[in-house]
Amino acid sequence: MITIFGLSNKAPAKTVPPDGVKRSNFRKAIKRLLANKYNVIGGLILLFFVILALFPSLIAPYPPNEINLQLSLKPPGGSHLLGTDKLGRDLLSRIIHGSSASLAVGLGAVCFSFFCGTTLGLIAGYAGGRIGDIIMRIMDALWALPAIILALAIATVLGAGIRNIILAVGITFTPAFSRIVYAEVLVVKEQVYVRAARSLGASNFRIIFFEILPNCSASLIVYGSLMAGQAIIAEAGLSFLGIGVIQPQAAWGSMLRAGYAFARVAPWVSIFPGLAIFLLVLAFNYLGDGLRDALDVKLVEKKVG
Amino acid sequence: MPKYIVRRISQMIIILVIVSVVVFSLIQMIPGDIATAMLGEGATKEEYQLLRENLGLDKPFYIRYLKWAGNMIRGDLGKSSINKFPVAQLFAQRLPYTIQLALCGMVLAVVIAVPAGIVAALKKDSYIDALIRGFSTFGTAMPNFWLGLILILTFSLWLRWLPSSGMSNISDGFFDWLKRMILPAMTLGIRFSAIVVRQTRAAFLEVLRMDYIRTARAKGVAEFWVNYKHVLRNALIPVITVIGLQLGRLIGGAVVTEMIFQIPGMGSLIADAVFSRDIAVVQGGVMIATLGVLGINFIVDMVYGIVDPRVRTSGRRRSG
């Protein structure tokens, strides 16, 4: 008992470091992040797309749905920098307007799965026992399903549209987050400082949110940025299969699909939206890798079962 | 080992049961009444009641689930609501194409990724390492429907070397089959290999840092034997895990790849069923895909047991 009390007296100083120390750690992480050129490139690409998504009407040279059949399938160059599609709509303008759908799904789905996955993982890891087992077995089951097939099934139920796609992709990504948090909680909850906090009479709420969660945050941030890229590919895939964003709203996946029919005569209709998807996902991948190095996180993929 | 197999099979069964409950309840959540949707506007109340009884919609949820699950165990996945064919038969016709595609994609990926990952790890921080890492980063960011398009544009439309769509049976001529398989397998395999190469490199670097490697070198064991006997066997374990883990993604990728190359496989069947809201086919597709992923994972686990004897004795694997 005495030793536990001895530790518990020291613990608060350890878990809540003085402000100065905290800031310098944060600064160090930022410094390391900026030292890597790939992170800077990733950050700049992301910033570029965020600006496009926030002010599409100011940047796009034409309205995204303006049809002009006389300009059908015009090659890139001249007044239409990236050419036009079958209906004579300006591709550049449609790609600019499509960035908001991709970013919305990428960030929305990650936020959804982050929130649900973290909550479930925390409950399962902290409560343990039968509740933990039940939650994690359900997560294992969802994890065993091929994501796009699960998303297709969910989209069948919910129907098309951005909100439903965010839900469908978000649900498929939830097990990934819950498994990371669960694994971390199992380790963290046995640490001395958590035992100390408990012996000092801290509530479950306090232990979960102030002791355990901050210690999982680095892995979650890294994983979140990598998953955002995957969510964007998933959204584009669903739009490509025809059940994503509802037409005529511009979405990169459906634009790419529409161009397939004219790949022989007008390959640019498909190539440029694909390039946009590729660049945005690349940005998230670079950032995820950079954050992993900066925050010094080791992601261990765990298996089903 | 037998204990380990029993444990793994019982885990698989639990997961299958949970998936089946999830899939069944998901379909129950479709807004609106299935009977109304099937009959259309002009149906009488009697017709509606009769159909509801025929579909078993008047029974409680758990009875309907048990009946559905019971039929499924006997191999009866119901009938397609569009063309009335048994769902099991529809999938049986389509499955061979998907399996061929997934296998070829996986083989291609492993053939590219494992040697590339090993070279990158052994020549860490060299130009070739940077090149392989670049391939990995770009490959994971590239959606396969875009890669497929670029491959079609290059090899079918521009160079005219390979056909851009369709699939033939291997029994009708190996070379024709191979010609049609190359582009879809590349579309599926390149992305997959980009993921595996990264893990292979990481796994090898991890093992290369171990004390027993240093000891082996210190003993004067030739470099080739150090790499072959000590590094390879230990580093392959997490690589096999990753390949097993990514198989779900591979099958998911096959859905999109089949749509690109117009291959009449399972993926295009499910995608069509989603459009026509053919619920029995969607349900069946999800269950078959899950069974496939679990089955392959099981095989991967058995391979694991062979590569790493510790798995057999302890019944638990290392986390890699």
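Residues numbered from 1 in each chain as written. Chains lettered and ligands numbered in written order. Predicted model: local features only at pLDDT ≥ 70, side-chain atom pairs only at ≥ 80, totals over all residues.

In this section: the overall build of chain B. The secondary structure content of chain B amounts to 13 helices and zero strands. Scanning chain B from its N terminus toward the C terminus, one meets helices and strands in the order α-α-α-α-α-α-α-α-α-α-α-α-α. Projected onto its principal axes, the C-alpha coordinates of chain B cover approximately 85 × 55 × 35 Å. Taking all 320 residues of chain B together, 39% fall into the buried category. Counted over contacts in chain B with a minimum sequence separation of 6, partners at least 24 positions apart contribute 71%. (Helix = DSSP H or I, 4+ residues; strand = E, 2+ residues; numbered from the N terminus. Buried ≥ 20, exposed ≤ 12 C-beta atoms within 10 Å, placed from the backbone. Contact = placed C-beta atoms within 7 Å.)

In this section: the overall build of chain A. Assigned secondary structure in chain A consists of 12 helices and zero strands. Across the 305 residues that make up chain A, the buried fraction comes to 49%. The long-range fraction of contacts in chain A, counting pairs at least 24 apart against all pairs at least 6 apart in sequence, stands at 71%.

Turning next to the interface of chain B and chain A. At the junction of the two partners, chain B supplies 49 residues and chain A supplies 43 residues. Residue assignment for the side of chain B that touches chain A shows that the elements contributing at least two residues are helix 1 (2–28), helix 6 (127–141), helix 7 (144–158), helix 10 (223–260), helix 11 (266–276) and helix 12 (279–307) of chain B. The element contributing the most residues to the side of chain B that touches chain A is helix 10 of chain B, with 11 residues. The residue inventory of the side of chain B that touches chain A, partitioned by class, reads 34 nonpolar, 12 polar and three charged. (Nonpolar A, V, L, I, M, F, W, Y, C, P; charged D, E, K, R; others polar.)

Here is a general trend for soluble globular proteins: nonpolar side chains tend to be buried in one another's company. With 171 residues, the main nonpolar core has Ile149, Ala151, Ala153, Val169, Ala231 and Ile277 of chain A together with Ile270 of chain B as its most contacted residues. The element that contributes the greatest number of residues to this core is helix 12 (residues 268–295) of chain A, accounting for 16 residues. Other than its neighbours up to four places away in sequence, Ile270 of chain B contacts Ile149 and Leu152 of chain A together with Val255, Val281, Val282 and Gly285 of chain B. (Core = buried A, V, L, I, M, F, W, Y, C linked by C-beta atoms within 7 Å.)

Let's shift gears to helix 10 (residues 204–240) of chain A. Side chains of residues three or four places apart in an α-helix project in the same direction, reflecting 3.6 residues per turn. Residues and elements named next belong to chain A. The terminal C-alpha atoms of helix 10, which comprises 37 residues, lie only 45 Å apart, well short of the 54 Å expected from a rise of 1.5 Å per residue. For helix 10, the principal kink sits at Leu213 and spans about 50 degrees; a proline, Pro214, occurs within the next four residues. Positive phi shows up at Gly242, right after helix 10, with a value of about 95 degrees. (Expected span 1.5 Å × (residues − 1). Bend = angle between axes of the 7 residues up to and from the residue.)

With the exception of glycine, most residues fall at negative phi, and the peptide bonds are largely trans. All names here are of chain B. Of note, Asp125 is a non-glycine position whose phi angle comes to about 65 degrees, a positive value. If you trace the backbone, Asp125 turns up in the loop between helix 5 (87–122) and helix 6. In this structure Asp125 comes out as exposed when scored by C-beta crowding, with 8 C-beta atoms within 10 Å. Although it is not a glycine, Gln262 sits at a positive phi angle of roughly 50 degrees. When you line up the elements, Gln262 lands in the loop between helix 10 and helix 11.

Another aspect to go through is the environment of Asn204 of chain A. Tracing the backbone shows Asn204 of chain A in helix 10. Put simply, Asn204 of chain A and Tyr126 of chain A are 78 residues apart on the chain and 8.9 Å apart in space, counted from C-alpha to C-alpha.

Residue and element names in this part refer to chain B. The end-to-end C-alpha distance of helix 7, which contains 15 residues, comes to 20 Å, matching closely the 21 Å that a straight helix rising 1.5 Å per residue would cover. The principal kink in helix 7, of about 30 degrees, is found at Ile152. Taken as a whole, helix 7 has its buried residues at Asn144, Phe145, Trp146, Leu147, Gly148, Leu149, Leu151 and Ile152. Just downstream of helix 7 lies Arg160, where phi reads positive at about 55 degrees.

All right, on to the environment of Pro75 of chain A then. Residues and elements named next belong to chain A. Here Pro75 shows up in the loop between helix 4 (56–59) and helix 5 (91–127). Given 13 C-beta atoms within 10 Å, Pro75 falls into the partly exposed group. With 10 residues separating them along the chain, Pro75 and Asp85 place their C-alpha atoms 9.1 Å apart. Not counting residues up to four positions away in its chain, the partners in contact with Pro75 are Gly83 and Trp268.

What follows covers the confidence of the model for chain A. A low pLDDT means the predicted coordinates there should not be read in detail. Residues of chain A with pLDDT of at least 70 account for 89%, and the chain-wide mean is 79. The low-confidence segment residues 300–305 of chain A, where pLDDT is below 50, has 17 contacts with residues more than four positions distant or belonging to other chains. (pLDDT = per-residue confidence, 0-100.)

Glancing now at the packing of helix 7 (residues 147–158) of chain A against helix 11 of chain B. The N-to-C vectors of helix 7 of chain A and helix 11 of chain B enclose an angle of 15 degrees; their axes lie 9 Å apart at closest approach. Of the possible angle classes, the one that applies to helix 7 of chain A and helix 11 of chain B is roughly parallel. Of the two elements, helix 7 of chain A crosses helix 11 of chain B, and the hand of that crossing is left-handed. Along the contact surface, helix 7 of chain A presents Ile149, Leu152, Ala155 and Thr156 of chain A, while helix 11 of chain B presents Ile270, Ala271 and Val274 of chain B. Taken together, the residues of the contact of helix 7 of chain A with helix 11 of chain B sort by class into six nonpolar, one polar and no charged. (Axes fitted to C-alpha atoms, helices over the stretch in contact; angles between N-to-C directions. Parallel < 35°, antiparallel > 145°, perpendicular 65-115°, else oblique. Left-handed = near helix turned anticlockwise from the far one by under 90°.)

Okay, the confidence of the model for chain B next. All names here are of chain B. Averaged over all residues, the pLDDT of chain B equals 81, while 91% of them reach at least 70. For chain B, per-element mean pLDDT is lowest for helix 13 (residues 309–314), which scores 59, and highest for helix 6, which scores 89. Per-residue pLDDT stays below 50 along residues 315–320; that stretch engages in 11 contacts with residues further than four places along the chain or on separate chains. ipTM for the predicted complex: 0.80, alongside a pTM of 0.82.

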